[in-house]
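Chain residues, written in single-letter form:
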Amino acid sequence: MSIFEDTLDHYSTNNELSESNIYSKIIFALLAILLNLMTGSPILPFLIFLLCSFLILYFAKIPLRFYATFMAIPLGFAILSGIFLAFLGTGEQIWTLGFGIGITKGGINQAILVFFRVLGGVAALGFLILTTPMNRIFAIFHDLHVPAVITDLAILMYRYIFLFLDVTATMYNSQKTRLGYHNYMSWMKCLAALAGMVFIRTWEQGEISYKALASRGYNGQLNMIREGDSIKEVSIRDWILIILFVILSVFAIIKLGNWTIF
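Computed from a predicted model, the values in this text were never measured in an experiment.

**Things to note about the overall build of the protein**
Stage number 1. The secondary structure content of the protein amounts to nine helices and two strands.
Stage number 2. Reading the protein from its N terminus to its C terminus gives the helix and strand order α-α-α-α-β-β-α-α-α-α-α.
Stage number 3. Relative to its full complement of 262 residues, the protein shows a buried share of 36%.
Stage number 4. Sequence-distant contacts, at least 24 apart, represent 73% of the contacts inside the protein between residues at least 6 apart.
Stage number 5. For the protein, the exposed surface amounts to about 16400 Å²; the carbon and sulfur share of it is 71%.

So this is what it looks like as structure tokens:
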């Protein structure tokens, strides 16, 4: 098993909020994402990011190092998107590269807004993912009457994504120990071989998994223990906190409007 799988599964299962009602966490996360997208100012998304990060780090006790690693990839995409938006915006140019290309005030405002929207949205989604075991999330699919085939596909995809990441990491390390990736041509050959072998292993694992399921009486539907919460069990305290969060967020949206830096 890969280190990332151990860490993700461990922290999603063993944290201070893992046993709290899943419906309260889902409602809060979805409302935070929705309010994050409704605002026209970067301030509210930034505050949502701070709030969700505080809940993850202080209440759930997720290590800061792992949380930073979790946020690193979406943060990188947000930075790249912001750079492009800064050059593609309209309005007065405040810095130019020549040939009519430059950074505009409208572009910077749009880039900052998108950056903080990504930050707030990922933090809100991360609050749900990092504090809730996946088996409880899949149980919610059943409660919401999601078709069984979609739930089964989601379970299998979640399981085998980490399996094939682990296979890929093992093959990559094996190639590295045999002096692979030492120059450009070696890098390309090793990458092609790696992609081919992962595809073959994926195909083989699919056949093995189906035979294993068939030998255990698989009839087209995965049977799992559905151990989840009820929306009726959401405490009054949680409802009050969620409603207070929504009221303050709506007030901030109305008060800030489309406030921008430039």
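**What to know about the side chain of Ser-249**
Stage number 1. Mapping Ser-249 onto the fold places it in helix 9 (residues 236-256).
Stage number 2. Discounting residues that sit within four places of it in the chain, Ser-249 has contacts with Leu-35 and Leu-44.

**Examining the packing of helix 3 (residues 43-59) against helix 4 (residues 64-88)**
Stage number 1. For the pair helix 3 and helix 4, the least separation of the axes is 10 Å and the interaxial angle reads 140°. What the angle tells us is that helix 3 and helix 4 run oblique. Where helix 3 crosses over helix 4, the two elements pack in a sense that is right-handed. For the pair formed by helix 3 and helix 4, the contact residues are Phe-49, Ser-53, Ile-56 and Leu-57 on the first element and Leu-64, Tyr-67 and Met-71 on the second.
Stage number 2. Residue composition of the contact of helix 3 with helix 4, by class: six nonpolar, one polar and no charged.

Rules used in this analysis
Residues numbered from 1 in each chain as written. Predicted model: local features only at pLDDT ≥ 70, side-chain atom pairs only at ≥ 80, totals over all residues. Heavy atoms only, no water. Helix = DSSP H or I, 4+ residues; strand = E, 2+ residues; numbered from the N terminus. Buried < 20%, exposed > 50% of the residue type's maximum accessible area, 1.4 Å probe, protein only. Contact = heavy atoms within 4.5 Å. Areas by Shrake-Rupley, 256 points an atom, 1.4 Å probe, with all protein chains shown as cover. Axes fitted to C-alpha atoms, helices over the stretch in contact; angles between N-to-C directions. Parallel < 35°, antiparallel > 145°, perpendicular 65-115°, else oblique. Left-handed = near helix turned anticlockwise from the far one by under 90°. Nonpolar A, V, L, I, M, F, W, Y, C, P; charged D, E, K, R; others polar.

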